[in-house]
Amino acid sequence: MTKEYKTINQIAGPLIFVEKTEPVGYNELVNITLPDGTTKRGQVLDTSNDIVVVQVFEGTGGLNRECGVRFTGETIKLPVSKDLLGRILSGAGEPLDGGPRIVPEDRLEITGAAINPYARLPPKDFIQTGISTIDGMNTLVRGQKLPIFSGSGLPHNEIALQIARQAKVRGSNEPFAVVFAAMGITNEEAQYFMRDFERTGALERAVVFLNLADDPAVERLITPRLALTAAEYLAYEHDMHVLVILTDITNYCEALRQMGAAREEVPGRRGYPGYMYTDLASLYERAGVIKGRKGSVTQFSILSMPGDDITHPIPDLSGYITEGQIVISRELHRKGIYPPVNVLPSLSRLMNSGIGATRTREDHKAVSDQLYAAYAEGKDLRGLVAIVGKDALSDRDRKFLEFADMFEDKFVRQGDDENRDIETTLSIGWDLLAELPEAQLTRIDNKYIQKYHPAHKAQKQE
Amino acid sequence: MKNKGEIYRISGPVVIISGLNTKMYDVVKVGTEGLMGEVIGIEGDKSTVQVYEETSGLKPGEPVENTGMSLSVELGPGLLESIYDGIQRPLPVLKESMGDFIKRGVSANGLSREKEWDFVPTVKKGDKINGGDIIGTVQETQNIEQRILVPPNVSGTIKEIMKGKFKVDAVICTLTDGKELMMMQKWPVRKPRPVSKKLTPSTPLITGQRILDGLFPIAKGGTAAIPGPFGSGKTVTQQQLAKWSDTEIVVYIGCGERGNEMADVLYEFPEIKDPKTGRPLMERTVLIANTSNMPVAAREASVYTGITIAEYYRDMGYDVSLMADSTSRWAEAMREISSRLEEMPGEEGYPAYLAARLSEFYERAGKVKALCGKEGSITVIGAVSPPGGDFSEPITQNTLRIVKVFWALDAKLAQRRHFPSINWLNSYSLYTKALGPWYDEHVSPDWVKLRNDAMELLQKESELQEIVQLVGSDALPEDQQLTLEIARMIREYFLQQNAYHEVDTYCPMEKQFKLMKAIMSWGDKAQNALEGGAAVEDIMKSKTKDDLAKVKYEKEFDTALGVILKSMDEEFAKLRGK
């Protein structure tokens, strides 16, 4: 039994300051016993011979200087086993579903070490999500981290669930799992996710960590780490392909800022701590594929942009770490288009390695580029039309303007249970492009035009 | 002098130690696991150390040992083809010794102590040598010969020099005063290696990228910044530069970047053939990879590790290009450490010494006369990642005050799939004048004028676009409609370049010239035809115009272009006849 200290000197926000301890390790796990016998947990943030700073996960409510503090001598670990699948745990890793405690096969550090870049395998397996705007133009691959940048009131949860339901690697039946980590979302949202998992039977293959809006904010700092530790364990020890859904990253960052303020740190942009980039990287970077191991960790996080502002520090720093982003547009949502993905600011950085002749189809990149270019031009023309009217446009411009409308209606819009395979997506793309004059298809190699353009295809068949 | 102390306090990567005699920038071994750290502040008997490895579990009272040396890299044969982390530990060796994840407390030599190299001396007994002189050569890779240099602070007369196969730490040369030289030498990373003279850059770095070579060239020994909001194609542009630039040695620093992208680089580089030699590109490359989740202090060091290696090859008389992706991540590492040190912050929380550190780093670029008398250069291309694409932030602003070339990546262009998405209006190069004579001699005396004309057209286009936004293009006079069309051709046919297309990915200077000339000559002919009374609608229907769009993808470019030029003449002759 480790020594119990009753030497709390100061309590400030989520932090307690403990004096006169024996040497305590940095990041060590701490148990705190309240006078009424309840216990709370915490973690060492700063340690020296004089004073040890501990952040308390469950909040410092009810704590006083009489509390007993025990340093466990080890950093925070998650007990892991294959039985994690199908379980619902709290944001601190305790069972919430009334089930037994996990009988651990192993206990893993939740901070997780960085993957040696040399041990990584560049992700390249195409994941078909069944959503045209993603598969066709912002392709997701195994091992990628691709967040959804959304805003309040937009259907990001529906999209995330549709992806969780439909995502698959074509022609493969390898075991997969979903790890879902809720950080500060409302009970209602959590219910929505759980219902859908139950309805589709996905729960059996899922591990759920729930830190809800009324749970302590500090706990949010460990929830995603628990989830990613579970994901890595399933991926690298049990050869599973794991899709991790973290929602909502913004709440995580708020908790980070709250901690920074409590520690009286020098704030960076908009009060977020200067190390937020590194901290976020330590989450996002835990996605990938490792040479010689069968499993993979793919991350699909949800991030609601405060004020729909993509330059806000949270989406901005995330965008620098993740391999692209799917941007949800309020404008499209207002038009009643689902899924309202705005392809223009969306991006998948790993798309090029996941598509092409052997993975999807040879013309995929060219079609995607052409759709991008044509839609961008069409959208620009909308601004012009607002000033000069449609009649002032040249024939060519009018075609692009119409293209933009059709693109939103046919390509972007789809049902929330409509699972389009990549061929369908590409052929919708070609049908739309066929409405433009052929000479305008400058992004597409002539041989693909000959082969896939509906006009030429029809000719050949004759 | 005490060289053993103990840990007093731990806060993230910053550890305060007591009871140890240290100098600034000494490397210390922290804790029972001997984690590597560097002294960055001294107060009383306490020293502040930034630790290059994860500090979880470290306790006050654990021992600390001072190595008495500052952070250094090992220089010698075996650097090329290496993949290092920020403090020159080879990643493949780390993988072997600790598995797929980077754990801590493992040290690894930068250069293999096992491998033997065939040393051929170029000096003999009795020769007088000075610091920086070449004493022999080693064939490091098939096309790169490493010249073994005398360490800059050593001179004397040779007593004995060996020949044959040796390991890097074997003595190959003894001086009369008893000094022994090895093929390997160490150099502290934060100190620039000395040169005999700095020269003015006068030859362009040929990159095969049309917008760079053509419009905004950088000189060998110059400095450039690529600021790019995320998603603007910065990484692809940098990788293209690393692949294709005509320097002998490439040092690529992935500083705080994505693991998967680094993996892609690590995978792709060994596969890419050097266009000139047909050998793998890795044979002339040193990669430094410190991803964003690797320890922040090592990220801070990685940039110095890279430039010191670059300087070493420059001192042999090579042209080196160094890519740092991204210097913003580096600056953020400085900021993070600075805030852990509770230093008074400057702008946006960055330390007040940010500007000084940036300029010190870029000053290590340049064309020089090395100590050995040969000319070498380091071209530094630094990426900056301005938060929110806001160029007014401190890193971009401080960088722009130093660098001579600015390649303004533009997310808007990327969204339109205009790649490389470098904005032709906001970019600049201060080398265009200095490089003029080179272009006259090596490309064509017409080139400079051609380029200026093209730039003028693009400038005019942007002015006209403003009017078009208001009234539509049909309302413009015919000659201005034509100007817009020619400018569009320059943008789409010349400036756009497909990095993933086997032919288009690299465009030699000669092809650039011919392509631009063909576009401009179509423009001239069209203007003439218009003046001669042809209708602008008919000119726009030109078939050769559409042919020009695709000629850059042709394997047999010259033949294809020849055909187009011929039919262009015929076409315009017909137009005039109408």
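Up top is the structure.
Going along each chain's sequence as written, the residues are numbered from 1 onward. Chains and ligands are labelled by the order in which they are written, letters from A for the one and numbers from 1 for the other. With pLDDT at 70 or above as the cut-off, local features in this predicted model cover only qualifying residues; side-chain atom pairs require 80 or more to be listed or tallied, and sums for whole chains, interfaces and linings still use all residues. Side-chain measures here rest on the full set of heavy atoms in the structure, leaving out hydrogens and waters.

**Topic: the pattern of salt bridges**
Selection rule: The salt bridge definition used is simple: a Lys or Arg side-chain nitrogen within 4 Å of an Asp or Glu carboxyl oxygen. A run of DSSP states H or I qualifies as a helix once it reaches four residues; a run of E qualifies as a strand once it reaches two. Both are numbered from the N-terminal end. Residue burial is assigned from relative accessible area. The probe radius is 1.4 Å, only protein chains are included, and a residue is buried under 20% of its type maximum, exposed over 50%, and partly exposed in between.
Applying the stated criterion across every chain, the model contains 71 salt bridges over all chains. A salt bridge links R293 of chain A to D100 of chain B, with the shortest nitrogen-to-oxygen separation between them at 2.7 Å. Of this pair, R293 of chain A sits in the loop between strand 20 (288–290) and strand 21 (296–299) while D100 of chain B sits in the loop between helix 1 (91–98) and strand 9 (101–102), which puts the two residues in different chains. The salt bridge partner of D315 of chain B is R193 of chain B, with a shortest N-O separation of 2.8 Å. Residue D315 of chain B is found in helix 5 (residues 296–315), and its partner R193 of chain B is found in the loop between strand 18 (185–188) and strand 19 (197–199); the two are separated by 122 residues along the sequence. On the accessibility criterion, D315 of chain B (5% relative accessible area) is buried. We classify R193 of chain B as buried; its relative accessible area is 4%. Put simply, R349 of chain A together with E257, R258, E261, R329 and E332 of chain B are held in one network by salt bridges that share partners.

**A look at the environment of A518 of chain B**
Residue and element names in this part refer to chain B. Rules: Whether two residues are in contact is decided by their heavy atoms: any pair within 4.5 Å suffices.
With respect to the helices and strands, A518 occurs in helix 13 (residues 509–531). By relative accessible area, which is 2% here, A518 ends up buried. Distance from A518 to L548, taken between C-alpha atoms, is 8.0 Å for residues 30 residues apart in sequence. Those residues in contact with A518 that lie beyond four places of it in its chain are L548, L561, L565 and M568.

**What about a nonpolar patch on the surface?**
So the rule is basically this: The patches reported here contain residues having more than 30% relative accessible area and no salt bridge. Joining distances are 9 Å for like charges and 5 Å for nonpolar side chains (Val, Leu, Ile, Met, Phe, Trp, Tyr). Only the protein chains shown count as covering a residue, and every accessible area follows the Shrake-Rupley method with a 1.4 Å probe.
On the surface, I387 of chain A together with I467, L470 and V471 of chain B cluster together into a nonpolar patch covering about 360 Å² of accessible area. Counting residues per element, the nonpolar patch draws most heavily on helix 11 (residues 447–471) of chain B, which supplies three residues. Within the element layout of this structure, V471 of chain B appears in helix 11. Exposure remark for V471 of chain B: the relative accessible area of 38% places this residue in the partly exposed category.

**Considering helix 12 (residues 478–495) of chain B**
Our working rule: By this rule the span expected of a helix is its residue count minus one, scaled by 1.5 Å.
Here helix 12 of chain B contains 18 residues, and its C-alpha end-to-end distance of 24 Å stays within 8% of the 26 Å for a straight helix at 1.5 Å per residue. The buried fraction of helix 12 of chain B amounts to 15 of the 18 residues, a majority that puts the element mostly inside the structure.

**Points about the nonpolar core**
All names here are of chain B. Short version of the rule: The set of buried Ala, Val, Leu, Ile, Met, Phe, Trp, Tyr and Cys residues whose side-chain atoms join them within 4.5 Å is what this entry labels a nonpolar core.
By size, the foremost hydrophobic cluster in this structure holds 80 residues, and its most contacted members are I381, W407, I490, W522, I539 and L548. Of all the elements, helix 13 adds the most residues to this core, at eleven residues. With residues up to four places along the chain from it excluded, the contact list for I381 reads L205, I218, A224, I226, Q238, L241, L322, M323, A324 and W407. In this structure, L75, M183, M316 and M334 belong to the second largest nonpolar core, which totals 74 residues.

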